[in-house]
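As a plain string of letters, each chain reads:
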Amino acid sequence: MKKITFIIIIIFIIVSCSKNSTNQSNSIPQSNISNESSQKYDFDFTGMSYNVLSGVLFDILITPEKYVDKTIKVAGQFNTQIHEGKRYFSVIKWDSTGCCPAGIDFIPPENMKFPEDFPENNAEITVCGQMVMMGQGDEESLYLVADKVILSD
């Protein structure tokens, strides 16, 4: 029932269809943040507007099998929160009014330690990594396992 309620809420938030983008981000690496390379990604979401990105994230929820083992690059604001005793890391893009977020949780690279290797909440970042299915049985979910977190200028 929780999944159905969540999907219904997402449907009301979504205002656009998904599209792929090949725009490159103009991020500048910082000392504690991984360097960007010229790697090609299966999906580059960095140049997408909020409307398009929210549509893509909805597509990821509905058809996760299309994204399993694909590399992605996404840009937005960094956010970290603790929920039920576990720390979550997210990259979030806001709509033009600043009321509605669209984002994706990510698992940071193993070499990054919290809090010293992470930016402040709301800092602009780009996250690069691979989508991986994790969990057990019917409780499997798609996660972005980051290999790079880039602090944008």
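Reference entry: report on the structure contained in this document. (Residues numbered from 1 in each chain as written. Predicted model: local features only at pLDDT ≥ 70, side-chain atom pairs only at ≥ 80, totals over all residues. Heavy atoms only, no water.)

1. Quick notes on the overall build of the protein
Step number 1: For the protein, the count of helices and strands is two helices and six strands.
Step number 2: If you list the helices and strands of the protein from N to C, you get α-β-α-β-β-β-β-β.
Step number 3: For the protein, the proportion of its 153 residues judged to be buried stands at 41%.
Step number 4: When contacts within the protein are restricted to residue pairs at least 6 apart in sequence, long-range pairs at least 24 apart make up 65% of them.
Step number 5: On the protein, roughly 9300 Å² of surface is accessible, and the fraction owed to carbon and sulfur atoms is 52%. (Helix = DSSP H or I, 4+ residues; strand = E, 2+ residues; numbered from the N terminus. Buried < 20%, exposed > 50% of the residue type's maximum accessible area, 1.4 Å probe, protein only. Contact = heavy atoms within 4.5 Å. Areas by Shrake-Rupley, 256 points an atom, 1.4 Å probe, with all protein chains shown as cover.)

2. A few points about the nonpolar core
In globular proteins that are soluble, nonpolar side chains generally tend to be buried together.
Step number 1: By size, the foremost hydrophobic cluster in this structure holds 27 residues, and its most contacted members are Phe 45 and Phe 106.
Step number 2: Counting residues per element, the ones that place at least two in this core are helix 2 (50-62), strand 2 (71-83), strand 3 (86-94), strand 4 (101-107), strand 5 (124-134) and strand 6 (141-151).
Step number 3: Here this core takes six residues from helix 2, the largest share from any one element. (Core = buried A, V, L, I, M, F, W, Y, C linked by side-chain atoms within 4.5 Å.)

3. Quick word on the pairing of strand 2
Step number 1: Bridge count for strand 1 (residues 43-44) against strand 2 is two bridges, and the pairing is parallel. Opposite Phe 43, over in strand 2, you have Ile 72 as the bridge partner.
Step number 2: Between the parallel pair strand 1 and strand 2, the chain is carried across by helix 2, and the sense of this crossover is right-handed.
Step number 3: Pairing analysis gives seven bridges linking strand 2 to strand 5, with the strands arranged antiparallel. Looking across to strand 5, one finds that Thr 71 is bridged to Gln 130. (Pairing = 2+ DSSP bridges. Right-handed = clockwise from strand over helix to strand, strands pointing away.)

4. Regarding the packing of aromatic side chains
Step number 1: Inspection of the entire model under this criterion finds nine aromatic pairs.
Step number 2: Seen in terms of ring centroids, Phe 89 and Phe 106 are 6.1 Å apart; in terms of plane orientation they differ by 35 degrees. Their pairing is tilted. Placement of the pair is Phe 89 in strand 3 and Phe 106 in strand 4, with a sequence separation of 17 residues.
Step number 3: For Phe 89, a relative accessible area of 10% corresponds to the buried category.
Step number 4: Considering the side-chain rings of Phe 114 and Phe 118, the 5.6 Å spacing of their centres and the 55 degrees angle between planes classify their relative orientation as tilted.
Step number 5: Looking at Phe 114, the relative accessible area reads 35%, which means it is partly exposed.
Step number 6: With a relative accessible area of 9%, Phe 118 lands in the buried category.
Step number 7: Put simply, the rings of Phe 78, Phe 89, Phe 106, Phe 114 and Phe 118 touch in pairs and so form one group of aromatic residues. (Phe/Tyr/Trp six-rings, centres within 6.5 Å; stacked < 30°, edge-to-face > 60°.)

5. Thoughts on the pattern of salt bridges
Step number 1: This model, assessed by the stated rule, comprises one salt bridge.
Step number 2: Residues Lys 66 and Asp 59 are paired through a salt bridge, measuring 2.8 Å at the closest nitrogen-oxygen approach. (Salt bridge = Lys/Arg side-chain N within 4 Å of Asp/Glu carboxyl O.)

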